[in-house]
Amino acid sequence: MGHGHGHGHGHGASADRRHLSWALALLVVFMAAEVVVGVIANSIALISDAGHMLTDAASIVLALLAMSMAARPARGAYTFGFKRAEILSAAVNGLTFVLLVAYFVYEGVRRLIDPPEVEGALVLGTALAGIAVNAGAAWLIARADRSSLNVEGAFQHILNDMYAFIATAVAGAVVWLTGWGRADAIAALVVAALMARSGYLLLRDAGRVLFEAAPAGVDPVEVGSALTAHADVTAVEDLHVWTVTSGFPALSAHVIVRPDGDCHRIRRELADLLHERFHIDHSTLQVDHVPGRSCRIATG
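Treat the numbers as computed from the prediction; the structure is a model and nothing was measured.

Here's the deal with the side chain of R111
Then, in step 1: Along the chain, the position of R111 falls in helix α3 (residues 85-113).
Then, in step 2: What makes R111 buried here is its relative accessible area of 10%.
Then, in step 3: At 3.2 Å, the side chain of R111 forms a polar contact with the backbone oxygen of N42.
Then, in step 4: Other than its neighbours up to four places away in sequence, R111 contacts N42, S43, I44, P116, R182, D184 and A185.

As structure tokens, this is what we get:
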């Protein structure tokens, strides 16, 4: 057996936690104020934004917990450690989007049918402040390692909330200037549509990892063809390509080589190929000669 290159995320986990913690503090303070203003203004758009901000805060808390778990060393039965905690966190974030979409679609449609009185000026002012707060939080999280699906999930929450505040600001201006209360409900439905898109993308990407699909952009057929194209390789069997967690693709395969092939050299060359062409640094290759005589290769 042989293992390819080492792996690593290459980003300061402590810096990521610091950026996320500052973004969390910013959101929690503003969210509390927004709930109060939303009730006073009788605005479903503001309350939906506050609900979205609650999931933003929850997503960051989950991200911080998942980062702590993922940093634990592998031990005992957990040979990969708890790295997939990040993926589970991303999946939970996606599911919260789905639940919020259902509620805000229901409430938005109800208010379209029977629009209440809405304080447009309060809605506009709070939404403009929300845009600034979310822009600051998005900037903080963007400085963290967004190659992590966990961090990306938190970032998508913040980004969608900023778009939602833009829609709410437009609705507040319309209500304030024209008195058309249904604009508030329409803004809530726009927020729901944005949430639905982000929820789908997060669940899709988390699902690919949890069901051990090949990493995005990596075609197993192409990988197999590249390996068998080696001059000394006659066949590749039991090829598996999957993602352990964000930024950690892995591969295992049974490689058959010519009877006079140098197993050690071939294994190194194939590992280099996987690293350079497919960015797969964790590869486990069992290399055997054609007649079935196994080449014993030390694990590295």
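Some details on the packing of helix α7 (residues 220-228) against helix α8 (residues 263-278)
Then, in step 1: At a closest axis distance of 10 Å, the pairing of α7 and α8 adopts a crossing angle of 140 degrees. Regarding the angle of α7 to α8, the classification is oblique. For α7 against α8, the interelement crossing comes out right-handed. Contact residues: E222, V223, A226 and L227 in α7; L270, L273, L274, R277 and F278 in α8.
Then, in step 2: Residue composition of the contact of α7 with α8, by class: seven nonpolar, no polar and two charged.

Thoughts on the layout of surface pockets
Then, in step 1: For the largest pocket, the calculated volume is near 460 Å³.
Then, in step 2: Lining the largest pocket are 25 residues, with L149, D205, V209, A216 and S246 sitting closest to its centre.
Then, in step 3: Put simply, the parts of the chain that give the lining of the largest pocket at least two residues each are α5 (149-178), α6 (182-210) and β3 (248-257).
Then, in step 4: When residues in the lining of the largest pocket are grouped by element, the largest group, five residues, is from α6.
Then, in step 5: Residues of the lining of the largest pocket, tallied by class, amount to 14 nonpolar, seven polar and four charged.

Focus on the packing of aromatic side chains
Then, in step 1: The final tally for this structure, using the stated rule, is three aromatic pairs.
Then, in step 2: Relative to F165, the ring of F30 lies with its centre 5.8 Å away and its plane at 75 degrees, an arrangement referred to as edge-to-face. In this pair, F30 is assigned in helix α1 (residues 13-41) and F165 in helix α5, connecting sequence segments 135 residues apart.
Then, in step 3: Taken together, a centroid distance of 4.9 Å and an interplanar angle of 25 degrees make the contact between Y78 and F82 stacked.
Then, in step 4: In this structure F82 comes out as partly exposed when scored by relative accessible area, which is 24%.

How each quantity is defined
Residues numbered from 1 in each chain as written. Predicted model: local features only at pLDDT ≥ 70, side-chain atom pairs only at ≥ 80, totals over all residues. Heavy atoms only, no water. Helix = DSSP H or I, 4+ residues; strand = E, 2+ residues; numbered from the N terminus. Buried < 20%, exposed > 50% of the residue type's maximum accessible area, 1.4 Å probe, protein only. Polar contact = N/O pair within 3.5 Å; in protein donor to acceptor, adjacent residues only side chain to side chain. Contact = heavy atoms within 4.5 Å. Axes fitted to C-alpha atoms, helices over the stretch in contact; angles between N-to-C directions. Parallel < 35°, antiparallel > 145°, perpendicular 65-115°, else oblique. Left-handed = near helix turned anticlockwise from the far one by under 90°. Nonpolar A, V, L, I, M, F, W, Y, C, P; charged D, E, K, R; others polar. 1 Å grid on protein atoms, 1.4 Å probe; cavity = no way out; pocket = protein on both sides within 12 Å on 5 of 7 lines; lining within 4 Å. Points joined across faces, edges and corners; volume = space filled by probe spheres on them. Phe/Tyr/Trp six-rings, centres within 6.5 Å; stacked < 30°, edge-to-face > 60°.

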